[in-house]
Amino acid sequence: MTRDEFLEALLSAPDTQTRRVLMEGHAEFLQTDSVYALKDRADQLEQDDARTALTIGLVADELAGRL
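Just so you know, these numbers come straight off a predicted model, no measurement behind them.

Asker: Hey, could you run me through helix α4 (residues 50–66) in this one?
Answerer: Given 3.6 residues per turn, any residue in an α-helix points the same way as the ones three and four places further on. Taking 1.5 Å as the rise per residue, α4 with 17 residues should run 24 Å; its terminal C-alpha atoms sit 25 Å apart, in good agreement. Within the sequence span of α4, burial applies to A53, I56, V59, A60 and L63. Around the axis of α4, the buried residues are gathered within 125° of arc, so they sit on the same side. Exposed residues lying more than 90 degrees from the buried face of α4 are R51, L54, D61 and G65. Contacts from the buried residues of α4 go to α1 (3–12), α2 (16–25) and α3 (32–45).

Structure below.
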């Protein structure tokens, strides 16, 4: 799995528990670079799709909390 695939899996996970399991199973992607990649994606969507940007931001917060 690549980092981008990992981030897509996190974003498509239905709940916090599933995201936690993904993070535990792929600890090599628990890096600040991953958080920044999510932030960049949220920033790009902020003007056009604020709801999705917020969701991405919350996932980034969960990931940052695991660092």
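Asker: Whenever I open this one, the nonpolar core confuses me. Can you help?
Answerer: Within soluble globular proteins, side chains that are nonpolar tend to cluster in buried spots. F6, L7, L10, L22, M23, L38 and L63 are the most contacted members of the largest nonpolar core, which totals 17 residues. Within the residue set of this core, elements represented by two or more residues are α1, α2, α3 and α4. The greatest single-element share of this core, amounting to 5 residues, is contributed by α4. Residue contacts for L38: discarding those within four places in its chain leaves L7, L11, I56, V59, A60 and L63.

Asker: Is there a simple way to think about the packing of aromatic side chains in this case?
Answerer: Given two aromatic rings, their pairing is described by the distance between the two centres and the angle made by the two planes. One pass over the full model with this rule turns up 1 aromatic pair. Ring geometry for F6 versus F29: centroids 5.2 Å apart, planes at 25°, classification stacked. Of the two residues, F6 sits in helix α1 while F29 sits in the loop between α2 and α3, which places them 23 residues apart along the sequence. Both residues of the pair, F6 and F29, count as buried.

Asker: Is there a simple way to explain the packing of α1 against α2 in this structure?
Answerer: Two packed helices can be described by the angle between their axes and the distance between those axes. Running from N to C, α1 and α2 point in directions that differ by 160°, and their axes come no closer than 9 Å. The angle between α1 and α2 falls in the class roughly antiparallel. Once α1 is placed against α2, the crossing between them reads as right-handed. Of α2, the residues touching α1 (which contributes F6, A9 and L10) are R19, L22 and M23. A breakdown of the residues in the contact of α1 with α2 according to their chemical character gives 5 nonpolar, no polar and 1 charged.

Quick notes on the rules
Residues numbered from 1 in each chain as written. Predicted model: local features only at pLDDT ≥ 70, side-chain atom pairs only at ≥ 80, totals over all residues. Heavy atoms only, no water. Helix = DSSP H or I, 4+ residues; strand = E, 2+ residues; numbered from the N terminus. Expected span 1.5 Å × (residues − 1). Buried < 20%, exposed > 50% of the residue type's maximum accessible area, 1.4 Å probe, protein only. Arc of directions from axis to C-beta. Contact = heavy atoms within 4.5 Å. Core = buried A, V, L, I, M, F, W, Y, C linked by side-chain atoms within 4.5 Å. Phe/Tyr/Trp six-rings, centres within 6.5 Å; stacked < 30°, edge-to-face > 60°. Axes fitted to C-alpha atoms, helices over the stretch in contact; angles between N-to-C directions. Parallel < 35°, antiparallel > 145°, perpendicular 65-115°, else oblique. Left-handed = near helix turned anticlockwise from the far one by under 90°. Nonpolar A, V, L, I, M, F, W, Y, C, P; charged D, E, K, R; others polar.

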